[in-house]
Amino acid sequence: MSQTPPTPVADAQRHDVLDALRGIALFGVLLVNLRDLSLYTLMPAAERLALPTAAWDRVLEVVMAALIDVKSATLFSMLFGVGFALQMQRAAGDSAVARRYLRRLLLLLIIGVAHAWLLWWGDILRYYALLGLLLLPLGRMSPRLLALTGLAVALFALPLLRPLILPALPTLTPAADAAATAYAAFSDGNAGTALAANLDYDLRMRLANWSLAFFVLGRLLLGAALGFAGVIQQPQQHRAFWRRLLAVCVPLGAALTAFVLLRDHGLLFADGWWKSSAARSVSSVLRGASSIAMALAYMALVVVLFETRARRALNAFAPVGRMALTHYLGQSLLGVALFYGAGLRIGPRYGLTGTLVAAVAIFALQTWLSRWWLARFRFGPAEWIWRSLTYGERQPLRRRRPVATGAA
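What counts and how
- Residues numbered from 1 in each chain as written.
- Predicted model: local features only at pLDDT ≥ 70, side-chain atom pairs only at ≥ 80, totals over all residues.
- Heavy atoms only, no water.
- Helix = DSSP H or I, 4+ residues; strand = E, 2+ residues; numbered from the N terminus.
- Buried < 20%, exposed > 50% of the residue type's maximum accessible area, 1.4 Å probe, protein only.
- Contact = heavy atoms within 4.5 Å.
- Areas by Shrake-Rupley, 256 points an atom, 1.4 Å probe, with all protein chains shown as cover.
- Core = buried A, V, L, I, M, F, W, Y, C linked by side-chain atoms within 4.5 Å.
- Axes fitted to C-alpha atoms, helices over the stretch in contact; angles between N-to-C directions.
- Parallel < 35°, antiparallel > 145°, perpendicular 65-115°, else oblique.
- Nonpolar A, V, L, I, M, F, W, Y, C, P; charged D, E, K, R; others polar.
- Lys, Arg positive; Asp, Glu negative; His and termini not counted.
- Salt bridge = Lys/Arg side-chain N within 4 Å of Asp/Glu carboxyl O.
- Phe/Tyr/Trp six-rings, centres within 6.5 Å; stacked < 30°, edge-to-face > 60°.
- Expected span 1.5 Å × (residues − 1).
- Left-handed = near helix turned anticlockwise from the far one by under 90°.
- pLDDT = per-residue confidence, 0-100.
- Patch = residues over 30% accessible without salt bridge, like charges linked within 9 Å, V, L, I, M, F, W, Y side chains within 5 Å.

Peer 1: Even after reading the chapter, I still don't get the overall build of the protein, so can you show me in this structure?
Peer 2: The number of helices and strands found in the protein is 18 helices and zero strands. A burial count over the protein gives 49% of its 408 residues as buried. Put simply, 80% of the contacts in the protein that link residues at least 6 apart link residues at least 24 apart. Accessible area for the protein stands at about 19600 Å²; split by element, carbon and sulfur atoms hold 67% of it.

In structure tokens form, the structure reads like this:
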């Protein structure tokens, strides 16, 4: 007897806490990415210091470095790994699962490359697509071994491989010069100039940020370990695990983050051994551990709070999480349209403070749009296209009747 072709997960099978986590992570990603999309990070340092918001910007930089930078990307990557595990579990016994998964990743790669080359150089989807291929063979490991492998890659790949990879890389234009060139092009009103500069800057950044592949892979494996362990699918059955994780990761993450910040600002161990190459390796490990511990603390906190009255407030993020791909791409589109010279030309004139206000406004709009859209349609636009092409047939999009999505 032939098996019924697999279809995308139904609404009743969705995991509310996972959707809420995706929405929260996406807000953090927006806060970080909008700093680049607003051209603030490309702006010459002297001009940044001359902004009327400079004093507030310096405070925000420290706060974001402590609570959001790297942590949001870590959480988002882990959640992609969790999603992989869920797909594998739902497709148990399906002989076509590997072929369908490969097609899904190929489509994601195409979306990511188009996003990066035609819109914004900071795309992360390409890494998820390419490194997601490794999750197929590695996904056969036990959750414990997956977690240990993920930690090893995330923490030790960079210090071990840096001496081997750096000498093999081509000589790049100094970062300040490349940033200044890109800033001028993106501020220009000519869309063709911005497009050419975006492609050039993207290629430079792929070489300069070669370690990003190991950053993403380690976190994908950690997320897959959580997914295969089942702790996020049935959080009520694993309350003790999440509470222990929260109790460990909050103080550990806070201590490591404080150490990294003090080191970065020259307030702790600024001289002596800490200037050596060995010290850079130690700092790299501690920096990676701080972001992982904080991301796990955020995840555990949301899971624990989901069992309290805070569930209603956290569920407000779930519709955005269900349309994560649509909104990730939409954030880049809005950022370019608002801040680039070919758009409204706002640029970085309002500093980091202005980008924070813009991020809140954009996310509030996306939250409202998500609720409106999902009351009428089953998937976000990008998700619908991705799923239809993955499954090889047009997926039903419109709902038969409007439904409430408060607990989507």
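Moving on from the model shown.
Peer 1: What's the story with the nonpolar core in this structure? I'm lost.
Peer 2: One recurring pattern in soluble globular proteins is that nonpolar side chains are buried together. Tyr128, Phe186, Trp242 and Met299 are the most contacted members of the largest nonpolar core, which totals 100 residues. With 12 residues, the top contributor of residues to this core is helix α1 (residues 16–37).

Peer 1: Explain the packing of helix α8 (residues 143–165) against helix α11 (residues 212–229) here, please?
Peer 2: When two helices pack together, their arrangement is given by the angle between their axes and by how far apart the axes lie. α11 packs onto α8 with a crossing angle of 175 degrees between their chain directions and a minimal axis gap of 7 Å. Compared by their axis directions, α8 and α11 come out roughly antiparallel. Contacts between α8 and α11 involve Pro143, Leu146, Ala147, Thr149, Gly150, Leu151, Val153, Ala154, Ala157, Leu161 and Ile165 from the former and Phe214, Leu217, Gly218, Arg219, Leu221, Leu222, Ala224, Ala225, Phe228 and Ala229 from the latter. Within the contact of α8 with α11, the residues separate by chemical class into 17 nonpolar, three polar and one charged.

Peer 1: I would appreciate a short explanation of the side chain of Glu383 in the present structure.
Peer 2: For Glu383, the position within the fold is in helix α18 (residues 381–391). Although Glu383 is buried, it makes no salt bridge; Arg387 carries the closest opposite charge, 7.0 Å away. Apart from the residues within four sequence positions on either side, Glu383 is in contact with Arg322, Met323, Ala324, Leu325 and Thr326.

Peer 1: I tried to follow the packing of aromatic side chains on my own but got confused; where do I start?
Peer 2: For any two aromatic rings, the description comes down to two numbers: the centre-to-centre distance and the angle of the planes. Tallying each qualifying case throughout the model produces 14 aromatic pairs. Their ring planes at 75 degrees and their centres at 5.1 Å tell us that Phe241 and Trp242 sit as a pair that is edge-to-face. Its relative accessible area of 1% is what places Trp242 among the buried residues. Between Phe317 and Phe363 the ring centres are 5.9 Å apart and the planes differ by 40 degrees, which places this aromatic pair in the tilted class. Placement of Phe317 in the loop between α14 (311–314) and α15 (318–322) and of Phe363 in helix α17 (residues 351–374) is noted, with a sequence separation of 46 residues between them. A relative accessible area of 24% means that Phe317 is categorised as partly exposed. Classification of Phe363 by relative accessible area gives buried; the value is 7%. Members of the aromatic cluster, each reached through a chain of ring pairs, are Phe76, Phe80, Tyr128 and Tyr328.

Peer 1: Looking at this structure, how should I read the environment of Leu286?
Peer 2: Within the fold, Leu286 resides in helix α13 (residues 277–305). When the C-alpha atoms of Leu286 and Phe259 are compared, they prove to be 8.5 Å apart, with 27 residues separating the residues in sequence.

Peer 1: What is the right way to look at the pattern of salt bridges in this model?
Peer 2: Close approach of charged atoms allows side chains of opposite charge to pair. Considering all chains together, one arrives at nine salt bridges under this definition. Between Asp200 and Arg204 there is a salt bridge whose closest N-O contact spans 3.0 Å. You can see Asp200 and its partner Arg204 sitting in helix α10 (residues 191–208), four residues apart, about one turn around the helix. We classify Asp200 as partly exposed; its relative accessible area is 38%.

Peer 1: Quick question: what am I supposed to make of helix α12 (residues 239–264) here?
Peer 2: Since the α-helix turns once every 3.6 residues, residues separated by three or four places project in the same direction. A rise of 1.5 Å per residue sets the reference length of α12, with its 26 residues, at 38 Å; its end C-alpha atoms lie 36 Å apart and thus fit the reference within 8%. Buried within α12 we find Trp242, Leu245, Leu246, Cys249, Gly253, Leu256, Thr257, Phe259, Val260, Leu261 and Arg263. Residues of α12 that are buried sit in contact with α3 (54–67), α4 (71–90) and α13. Looking one or two places after α12, you find Gly266, whose phi comes out positive at around 70 degrees.

Peer 1: Would you explain the environment of His15 in this entry?
Peer 2: When you line up the elements, His15 lands in the segment before α1. According to the relative accessible area criterion, His15 is partly exposed, its value standing at 23%. Separated by 218 residues in the primary sequence, His15 and Gln233 have C-alpha atoms spaced 6.6 Å apart. With residues up to four places along the chain from it excluded, the contact list for His15 reads Leu86 and Gln233.

Peer 1: Help me understand the packing of α1 against helix α16 (residues 324–339) in this model?
Peer 2: Taken N-terminus to C-terminus, the directions of α1 and α16 make an angle of 25 degrees; their axes are 10 Å apart at the nearest point. Put simply, α1 runs roughly parallel to α16. As α1 packs across α16, the resulting crossing turns out to be right-handed. On the side of α1, the interface is formed by Leu26, Val29, Leu30, Asn33, Leu34 and Leu37, while α16 contributes Ala324, His327, Tyr328, Gln331, Ser332, Gly335, Val336 and Phe339. Split into classes, the residues belonging to the contact of α1 with α16 amount to nine nonpolar, five polar and no charged.

Peer 1: I would appreciate a short explanation of the confidence of the model for the protein in the present structure.
Peer 2: Close inspection of predicted coordinates is inappropriate in any region flagged by low pLDDT. In this model, the protein carries an average pLDDT of 89, and 90% of its residues clear a pLDDT of 70 or more. Mean pLDDT values over the elements of the protein span from 84, in helix α7 (residues 135–138), up to 97, in α16. Note that pLDDT drops below 50 for residues 1–5; the model gives that stretch two contacts with residues more than four away or on any other chain.

Peer 1: How should I be thinking about a nonpolar patch on the surface in this particular structure?
Peer 2: Taken together, the side chains of Trp117, Leu118, Leu195, Leu199 and Leu203 define a hydrophobic patch exposed on the protein surface, amounting to about 480 Å² of accessible area. Contributing elements (two or more residues each) for the nonpolar patch: α5 (97–118) and α10. Within the secondary structure layout, Leu199 lies in helix α10.

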